[in-house]
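# Tertiary structure, described
Here are the chains, one letter per residue:
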Amino acid sequence: MEWTAHPGHGPGSEILGPGNSGRRVVELGCGPGHNIAHLAAHQRVHATGVDLVGLQVRRARSHYSHIGSLTFAAGHALHYLQAAERPFDVIYSIFGAVGIVPPRLLLPAITDHLVPGGLLAFAVPHPRRNGRRAVTHDGPSRDSVLLPNQTRLSIARWEFDASRWAQHLRHAGLTMTGALDLSHPAQDGNPTTLLITARRL
Ligand SMILES: C[S@@+](CC[C@H](N)C(=O)[O-])C[C@H]1O[C@@H](n2cnc3c(N)ncnc32)[C@H](O)[C@@H]1O
């Protein structure tokens, strides 16, 4: 399981705790599904990958439909959570919906759909990547993402540092339990990824 864009760097699935049989896990913004498929294949969890883009979900299903405990759903992360009938033990996002969907909307929806003590983990582009300065406000910044056809799409992204994430998490009823600055050894020394864990109170 990869939490950064650099395979082999940073922690793995241990961040999500022991793979107890029957735990319900969802990835918000699963893309082609490699990480959620890894979890479903190596731990006996009930796993769901959600992605806004139907093409990603079709790719994920075509790769991983043989894994029995794994399902994929196309849709907005927020709408998926709002429609979920049972709470999750673990909700996570890897460069996915967390940081792209307004935190004041997504974080409370995550809290509402975690069991008490349940875990949220998310990796976002580090706010100080490439020498940037972390923002000092609660609004979004402009960023861009590379689309599969190699064009760039301008997006809004919430680029908080760990202490600002902690405030937003606390406001939503979550307690931050860890914040890791991950960097790539062969790069300029700037961190590339911020990995945060939190629990529902
Ligand atoms: C950079 S990809 C990461 C995919 C995957 N997490 C991984 O690490 O390979 C980000 C994904 O998040 C999805 N995404 C962005 N906003 C979303 C939202 N609001 N709801 C669901 N998925 C979303 C995008 O469609 C995209 O597939």
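The written sequence of each chain sets the order in which its residues are numbered from 1. Given that this is a predicted model, residues contribute local features only at a pLDDT of at least 70 and side-chain atom pairs are listed and counted only at 80 or more, while totals for whole chains, interfaces and linings are drawn from all residues. No hydrogens and no water enter the side-chain calculation; it runs on all heavy atoms of the structure.

## Quick look at the domain arrangement of the protein chain
Note that the domain bounds reflect an automated or database-derived domain assignment. Structurally, the protein chain comprises domain 1 (21-75) and domain 2 (93-201). Domain 1 and domain 2 are separated by 21 Å when their C-alpha centres are compared. Any two residues having at least one pair of non-hydrogen atoms within 4.5 Å are treated as being in contact. Across the contact, four residues belong to domain 1 and six residues belong to domain 2. Interface area for domain 1 against domain 2, summed over the two sides, is near 400 Å², with a carbon-plus-sulfur share of 66%. In this description, buried area is defined as the sum, over both parts, of the accessible area (probe of 1.4 Å) that is lost when the two are combined. Three residues, Glu27, Leu28 and Asn35, lead the burial of domain 1 against domain 2; their summed loss comes to 75% of the area buried on that side. One side-chain nitrogen of Lys or Arg within 4 Å of one carboxyl oxygen of Asp or Glu is enough to make a salt bridge. Counting the contacts that link domain 1 with domain 2 gives zero salt bridges. Residues adjacent in sequence count toward polar contacts only when both atoms are side-chain atoms; beyond that, a polar contact is any pair of N or O atoms within 3.5 Å, and within protein one must be able to donate a hydrogen and the other to accept it. Between domain 1 and domain 2 we count one residue pair in polar contact (both at pLDDT 80 or more) in total. Counted by class, the side of domain 1 that touches domain 2 contains one nonpolar, two polar and one charged residues. Think of it as three bins: nonpolar holds Ala, Val, Leu, Ile, Met, Phe, Trp, Tyr, Cys and Pro, charged holds Asp, Glu, Lys and Arg, and polar takes everything else, Gly as well.

## Brief notes about the site of the ligand
With respect to spatial proximity, 17 residues lie near the ligand, and among them Glu27, Gly29, Asp51, Ala77 and Ile94 are the closest. In this structure, a nitrogen atom belonging to the ligand sits 2.8 Å away from a side-chain N or O atom of Glu27. At 3.5 Å, a side-chain N or O of Asn35 approaches an oxygen atom of the ligand. In short, Shrake-Rupley with a 1.4 Å probe defines the accessible areas, and a residue's cover is counted only from the protein chains shown. If the ligand stood free it would expose 600 Å²; the protein chains cover 77% of that surface. Any residue with a non-hydrogen atom lying within 4 Å of a molecule or strand is treated as near it.

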